[in-house]
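# Notes for the structure review
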Amino acid sequence: MSLKVYIAGKFVNKEDAKISVYDHGLLYGDGVFEGIRSYAGQVFRLTEHVDRLFESARAIHLVIPMTRQEVAQAIIDTLAVNNFTDAYIRAIVTRGAGSLGLDPRKTTDPQVIIITDTISLYPEEFYENGLAIITAGTIRNHPAALSPRIKSLNYLNNIMAKIEGTNAGCLEALMLNHAGYVAECTGDNIFIVKKGVVHTPSIDAGILDGITRGAVIDLATEKGLAVVERTMERHDILTADECFLTGTAAEVIPVTKLDGRPIGTGEVGPTTKMLRGAFQKMVRGEAY
Ligand code: PMP
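Residues numbered from 1 in each chain as written. Predicted model: local features only at pLDDT ≥ 70, side-chain atom pairs only at ≥ 80, totals over all residues. Heavy atoms only, no water.

### Concerning the overall build of the protein
Scanning the protein from terminus to terminus reveals 8 helices and 15 strands. With the C-alpha coordinates of the protein rotated into their principal frame, the extents come out at 55 × 40 × 30 Å. When the 288 residues of the protein are sorted by exposure, 49% land in the buried category. Averaging the coordinates of the 29 positive side-chain charges in the protein and doing the same for the 34 negative ones gives two points 2 Å apart. (Helix = DSSP H or I, 4+ residues; strand = E, 2+ residues; numbered from the N terminus. Buried < 20%, exposed > 50% of the residue type's maximum accessible area, 1.4 Å probe, protein only. Lys, Arg positive; Asp, Glu negative; His and termini not counted. Charge placed at Lys NZ, Arg CZ, Asp CG, Glu CD.)

### Thoughts on the state of the cysteines
Across all of its chains, the model carries 0 disulfides by this definition. Between Cys185, a free cysteine, and Cys243, which holds the nearest cysteine sulfur, the sulfur-to-sulfur gap is 7.2 Å. The class for Cys185 is buried, based on a relative accessible area of 1%. (Disulfide = S-S within 2.5 Å.)

### With respect to the site of the ligand
In the region of the ligand, 17 residues are neighbours, and Tyr155, Glu184, Ile211, Thr212 and Thr248 sit closest. In the model, a nitrogen atom of the ligand is placed 3.0 Å from a nitrogen or oxygen of the Gly187 main chain. Out of a free accessible area of 390 Å², the ligand has 93% covered by protein chains. Breaking the shell around the ligand down by element, the ones donating at least two residues are helix 6 (211–222) and strand 13 (242–247). For the shell around the ligand, the per-class residue count stands at 3 nonpolar, 9 polar and 5 charged. (Near = heavy atom within 4 Å. Polar contact = N/O pair within 3.5 Å; in protein donor to acceptor, adjacent residues only side chain to side chain. Areas by Shrake-Rupley, 256 points an atom, 1.4 Å probe, with all protein chains shown as cover. Nonpolar A, V, L, I, M, F, W, Y, C, P; charged D, E, K, R; others polar.)

### With respect to the side chain of Glu242
One can find Glu242 in strand 13. This buried residue, Glu242, is left without a salt bridge; Lys273 holds the nearest opposite charge, at 8.8 Å. Only 3.2 Å separates the side chain of Glu242 from the backbone nitrogen of Thr271, close enough to count as a polar contact. What Glu242 contacts, discounting residues up to four positions off in sequence, is Phe191, Ile192, Val193, Ile263, Gly269, Pro270, Thr271 and Thr272. (Salt bridge = Lys/Arg side-chain N within 4 Å of Asp/Glu carboxyl O. Contact = heavy atoms within 4.5 Å.)

### Some remarks on the sheet that holds strand 4 (residues 42–43)
Taken in spatial order, the 6 strands line up as 2-1-6-5-3-4 in an open sheet, and their pairing is antiparallel. Each edge of the open sheet is held by one strand with a lone partner, namely strand 2 (10–13) and strand 4. Across the face of the sheet, helix 2 (residues 46–59) comes into contact with strand 3 (31–39), strand 4 and strand 5 (87–94) while running at roughly 175° to strand 3. (Pairing = 2+ DSSP bridges. Axes fitted to C-alpha atoms, helices over the stretch in contact; angles between N-to-C directions.)

### Some details on helix 6
Helix length check: helix 6 (12 residues) gives 17 Å between terminal C-alpha atoms against 16 Å at 1.5 Å per residue, within 8%. Listed in full, the buried residues belonging to helix 6 are Ile211, Thr212, Arg213, Ala215, Val216, Ile217, Leu219 and Ala220. Gly224 occupies a position one or two residues after helix 6 and carries a positive phi of about 85°. (Expected span 1.5 Å × (residues − 1).)

### Some thoughts on the domain arrangement of the protein
Taken as a whole, the protein is organised into domain 1 (4–117) and domain 2 (124–283). Between domain 1 and domain 2, the contact holds 25 residues from the first and 20 residues from the second. Among the salt bridges present, the one from Arg45 reaches Asp218, with a minimum N-O distance of 3.6 Å. The tally of links from domain 1 across to domain 2 stands at 9 residue pairs in polar contact (both at pLDDT 80 or more). Counting only elements with at least two residues in the side of domain 1 that touches domain 2, the list comes to helix 1 (24–28), strand 3, helix 2 and strand 5. Residue contributions to the side of domain 1 that touches domain 2 peak at 8 residues, all from strand 3. In terms of residue class, the side of domain 1 that touches domain 2 is made up of 11 nonpolar, 7 polar and 7 charged. (Domains from an automatic or database assignment.)

### Examining the packing of aromatic side chains
Taken as a whole and assessed by the stated rule, the structure comprises 5 aromatic pairs. Ring centres 6.4 Å apart and planes at 85° place the aromatic pair Tyr39 and Phe44 in the edge-to-face group. Judged by its relative accessible area of 2%, Tyr39 falls in the buried class. Look at Phe44 and you get buried, because its relative accessible area is 14%. The rings of Tyr39, Phe44 and Phe279 are connected pair by pair, giving a single aromatic cluster. (Phe/Tyr/Trp six-rings, centres within 6.5 Å; stacked < 30°, edge-to-face > 60°.)

### Digging into the nonpolar core
A general feature of soluble globular proteins is that nonpolar side chains tend to end up buried together. Val32, Ile64, Val71 and Ile75 are the most contacted members of the largest nonpolar core, which has 26 residues in total. Listing elements by their share of this core, those giving two or more residues are strand 3, helix 2, helix 3 (68–81), strand 5 and strand 6 (112–117). Those residues in contact with Ile75 that lie beyond four places of it in its chain are Ile36, Leu46, Val50, Ile89 and Ile114. Ranked by size, the runner-up nonpolar core spans 21 residues in total, among them Leu176, Val182, Ile192 and Ala250. (Core = buried A, V, L, I, M, F, W, Y, C linked by side-chain atoms within 4.5 Å.)

### A short note on unusual backbone geometry
A positive phi is found at His61, a non-glycine position, where the angle reads about 60°. Summarising the element assignment, His61 is placed in the loop between helix 2 and helix 3. Exposure remark for His61: the relative accessible area of 71% places this residue in the exposed category.

Now the structure itself:
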């Protein structure tokens, strides 16, 4: 049976899920999206994801032609139609079809699209041994140009850094901000652990306000760890005891090398292991 995609208020077969080539989502990356997961039939932090989708849309002056409740319900319905319990969910809102010019006023019909599919994860070995990452030369978008808090359909900034990473044989790459401080990775937020304290760049570093990041901050706090959101330098990562990344797809993944240099002992550290284990239980609604 073909996967069903929600588009224009209907469920259509994956092969038939199409939008106009005049859609500004395609022509200009003019639109917003969310990456969401469901575990054992429950969508993880659905309200937060829908809120962030609406906030991204608001920030680019795009009116989503549905209410938050309707979008949340459409996500749940798309999972149900496809009989998914553990899935990756992609919600997309495009500006809609317009003229070939930039002017969003000439667009009509913003498209709300929901795709659910199996999740593609980092290979298991990286959870056991940690990722090696490099620092990309491509800096994160300047917040005054295109705020990294907007999860927009224009991901070229991240893709450029990702190419640098994959060219160097790394699946993720660290991005610094315009001021030279640590921002985030191409599709994940970054944390370090030093002397038992968890540190992560604050949102004003020019980063996506990651939903997994928020969940891990809550989790670490519940576990009695101090969490500091602050300005971070590459130096802080190179001299950390542990480092890990967070993201909807990645969950909590250890980083054991930056730019060819081992972080801490070069092995996955105890705090990272504990947080990963607790996170995996939390998302499945188990005691952690
Ligand atoms: N930063 C960027 C640039 C991202 O694209 C993502 C999502 N893939 C994240 C961080 C992690 O955010 P979340 O935990 O909400 O998935």
